[in-house]
Amino acid sequence: MKIGMVSLGCPKNLVDSEVMLGIIRDKELEVTNDPAEADLIIVNTCGFIESAKEESINTVLQMGEYKTQGSCKYLIMTGCLGQRYADELFESLPEVDAIVGTDSFTDIGWVIDQVMAGKRLKHLEKLESKNVKALPRMLTTPSYMAYLKIAEGCDNCCSYCIIPQLRGPYTSRPYDEVMAEAKALAEHGTKELIVVAQDTTRYGEDLYGKLMLPQLLRDLNKLEGIQWIRVMYLYPNNFNDELIAAFAECEKVCKYIDIPLQHASDRLLDSMNRYDTRAQVEALLDKLRSRISGITIRTTFIVGFPGETEEDFAELMDFVEKQRFENAGVFQYSQEEGTVAGAMENQIAPEIKENRYHELMALQAGISEELHQEREDAELDVIVEGFDEENPQLAVGRSCHEAPDIDGSIFIENAGDVQVGDMVRVKILQGFTYEMVAELI
């Protein structure tokens, strides 16, 4: 019995996929990367915005074709899209044998048994008999890096976001459990540990009555073998002085702040149900830059939110121009049913969203290029991730200033005998918009 897995969406979803694969491995079933030879295929879907939903549906349909063209006998749909539209999808996708919700993916072994017994089912609630604290996990990331998920769900309830409905309330993992998994990952050979949750700054508040991320970073910093600790999804409203100190003082913690800001207009921030004003964000950014040496700040923005005026957008452009972020992702607002913003009047026309997207991206591209050029002649530690297909002497990697899959790369000339996963010292020769060129020192 061979099991294939396709994981879509964010790193948090990838961790869920790795847990499912670990459960499958413990059932002594074989995992294959080739869907054409799989007897059963699992698609772990994303349902965050329209483009992600389309990708998930298309992937499910593509995998369903292996039921007629390959050896596949069973198709299981897991993740956010299945959770969100279980009834509709169960009816409209007869090729799907089971739909598994976001709270019940750890029951995947039981679900596999059910479909192999000829049953077709929706399974959206966790089995009462399941009380597993430490779950198996089969890593799918390169051996030198791994994600560490410290919480599930979200309580922020931003007006544009469906995640609280799909993932439930914010629930921190017990501290000892997180540390035990991090230690196991370090012993496995992980060099870069990437801490993720829907909102990492809130970690521990629900379990311990206080924000525990600063202490977690200090304890992770003590682990042998780990060289970089990267933290993603740091919301600004809980970014306190204790957390700033942990970033500044822990030598293994990357001075990389991934902080989603979404806009700069106070009127729109309030409409988005965000907790901060522009003045509060600017004060935080000033504090971060003054207290954390060598800091890189990455953020995300939404253009075309309902009611966004030309004045609101001009304010956002002014904010980005003044703040000069190293990296920024820009998203066109996606009207999602079931959200507060989705029911708002004054939805913005698609062509206006498109124009504003390109205008803000062009501004940020120029800023990123200038900042990369300012790094020329600087020396950096870089983790090697691969090699150019046409030139094996040209290695590709990242420094602590770039997160995997979302930021640019560093191309290393005359790489010699370096191997994937090596940490090497380089000198930056040229900076471009999304990449830099370097040489080995």
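Fair warning: this is a prediction, and the values are worked out from it, not measured in the lab.

Student: Is there a simple way to explain the overall build of the chain in this structure?
Tutor: The number of helices and strands found in the chain is 15 helices and 19 strands. For a compact globule of 441 residues, the expected C-alpha radius of gyration is about 22 Å, and the chain comes in at 22 Å, within 12% of that figure. A principal-axis box enclosing the C-alpha atoms of the chain has dimensions of 60 × 60 × 50 Å. By the burial criterion, 55% of the 441 residues in the chain qualify as buried. Put simply, 73% of the contacts in the chain that link residues at least 6 apart link residues at least 24 apart. Per element, the accessible surface of the chain, about 19200 Å² overall, is 47% carbon and sulfur. Charge centroids of the chain, computed over 42 positive and 77 negative side chains, lie 6 Å from each other.

Student: Any chance you could explain the environment of Ile163 here in plain terms?
Tutor: Relative to the helices and strands, Ile163 resides in helix α7 (residues 163-167). On a C-alpha basis, the gap between Ile163 and Gly47 in space is 8.6 Å, while along the polypeptide they are 116 residues apart.

Student: Just checking my understanding: could you explain the pattern of salt bridges for this structure?
Tutor: Opposite charge on two side chains permits pairing when their charged atoms draw close. In this structure the tally under the stated criterion is 37 salt bridges. Between Asp407 and Arg298 there is a salt bridge, and its shortest N-O distance comes to 2.9 Å. Taken together, the residues Asp407 in the loop between β16 (395-398) and β17 (409-413) and Arg298 in strand β13 (residues 296-303) connect sequence positions 109 residues apart. Accessibility classification places Asp407 together with Arg298 in one group, the buried group.

Student: Would you mind showing me how to read the pairing of strand β10 (residues 192-196) here?
Tutor: Where a strand is regular, its side chains alternate between the two sheet faces. With 5 of its 5 residues buried, β10 lies for the most part within the structure. Alignment of strand β7 (residues 145-149) against β10, held across 5 bridges, turns out to be parallel. Of the residues in β10, the one forming a bridge with Met145 is Glu192. By the bridge criterion, 4 bridges tie β10 to strand β11 (residues 228-231) in an arrangement that is parallel. Note on β11: the bridge partner recorded for Val195 is Val231.

Student: Would you explain the side chain of Thr45 in this entry?
Tutor: With respect to the helices, strands and loops of the structure, Thr45 is situated in strand β3 (residues 40-45). Judged by relative accessible area, which is 0%, Thr45 ranks as buried.

Student: Looking at this structure, how should I read the nonpolar core?
Tutor: Membership of the largest hydrophobic core comes to 57 residues, with the highest contact counts inside it found for Leu220, Phe239, Phe247, Ile257 and Leu360. Membership of the second largest hydrophobic core comes to 20 residues, among which are Met5, Val100, Ile112 and Leu121.

Student: What am I meant to see in the sheet that holds strand β2 (residues 30-32) here?
Tutor: Strand pairing in a sheet is mediated by backbone hydrogen bonds. Such pairs are either parallel or antiparallel. Reading across the sheet, the 6 strands line up as β2-β1-β3-β4-β5-β6 and stay open at both edges, with parallel pairing between neighbours. Taken across any chain shown, the strands that pair with only one partner, and hence form the sheet edges, are β2 and β6 (121-123). On average, adjacent strands in this sheet sit at an angle of 20° to one another, irrespective of strand direction. Pairing analysis gives 3 bridges linking strand β5 (residues 98-100) to β6, with the strands arranged parallel. Each residue of the ladder has a partner; that of Ile99, found in β6, is Lys122. Helix α6 (residues 108-116) contacts β3, β4 (74-79), β5 and β6 of the sheet and is inclined by roughly 150° relative to β4.

Student: Can you walk me through the side chain of Asp312 in this structure?
Tutor: Position of Asp312 among the secondary structure elements: in helix α14 (residues 310-323). At 3.0 Å, the side chain of Asp312 and the side chain of Ser265 are in polar contact. For Asp312, the side chain forms a polar contact with the main-chain nitrogen of Thr309, separated by 3.0 Å. Sequence-distant contacts of Asp312, defined by excluding residues within four places in its chain, comprise His263, Ser265, Arg267, Leu268 and Gly307.

Student: I keep staring at the packing of helix α13 (residues 278-291) against α14 and nothing clicks. Help me out?
Tutor: Any two packed helices are characterised by how steeply their axes cross, that is the angle between the axes, and by the distance between the axes. Where α13 contacts α14, the axes come no closer than 12 Å and their chain directions differ by 10°. It follows from the interaxial angle that α13 and α14 lie roughly parallel. Between α13 and α14, the contacting residues are Arg278, Val281, Glu282, Leu285 and Arg289 on the first element and Glu315, Asp318, Phe319, Lys322 and Gln323 on the second. Considering only residue class, the contact of α13 with α14 consists of 3 nonpolar, 1 polar and 6 charged.

Student: Can you walk me through the sheet that holds strand β18 (residues 423-431) in this structure?
Tutor: Spatially, β15-β16-β17-β19-β18 is the arrangement adopted by the 5 strands of the closed barrel, whose pairing is mixed. Strand after strand, the sheet turns through a mean of 55° between neighbouring axes, direction not considered.

Student: Whenever I open this one, the packing of aromatic side chains confuses me. Can you help?
Tutor: The relative placement of two aromatic rings is captured by the distance of their centres and the angle of their planes. Within this structure, the stated rule accounts for 7 aromatic pairs. A ring pair is formed by Tyr160 and Phe305, whose centres lie 6.5 Å apart and whose planes are at 85°; its orientation type is edge-to-face. Of this pair, Tyr160 sits in the loop between β8 (151-152) and α7 while Phe305 is found in the loop between β13 and α14, placing the two residues 145 residues apart along the sequence. The pair Tyr160 / Phe305 is uniform in exposure class, with both members buried. Members of the aromatic cluster, connected to one another through ring pairs, are Tyr160, Phe305 and Tyr333. We note Arg120 situated over the ring of Phe90; from NZ or CZ to the ring centre the distance is 3.9 Å.

Reading the values: the criteria
- Residues numbered from 1 in each chain as written.
- Predicted model: local features only at pLDDT ≥ 70, side-chain atom pairs only at ≥ 80, totals over all residues.
- Heavy atoms only, no water.
- Helix = DSSP H or I, 4+ residues; strand = E, 2+ residues; numbered from the N terminus.
- Rg over C-alpha atoms; globule rule 2.2 N^0.38 Å.
- Buried < 20%, exposed > 50% of the residue type's maximum accessible area, 1.4 Å probe, protein only.
- Contact = heavy atoms within 4.5 Å.
- Areas by Shrake-Rupley, 256 points an atom, 1.4 Å probe, with all protein chains shown as cover.
- Lys, Arg positive; Asp, Glu negative; His and termini not counted.
- Charge placed at Lys NZ, Arg CZ, Asp CG, Glu CD.
- Salt bridge = Lys/Arg side-chain N within 4 Å of Asp/Glu carboxyl O.
- Pairing = 2+ DSSP bridges.
- Core = buried A, V, L, I, M, F, W, Y, C linked by side-chain atoms within 4.5 Å.
- Axes fitted to C-alpha atoms, helices over the stretch in contact; angles between N-to-C directions.
- Polar contact = N/O pair within 3.5 Å; in protein donor to acceptor, adjacent residues only side chain to side chain.
- Parallel < 35°, antiparallel > 145°, perpendicular 65-115°, else oblique.
- Nonpolar A, V, L, I, M, F, W, Y, C, P; charged D, E, K, R; others polar.
- Phe/Tyr/Trp six-rings, centres within 6.5 Å; stacked < 30°, edge-to-face > 60°.
- Lys NZ or Arg CZ within 6 Å of the ring centre and 35° of its normal.

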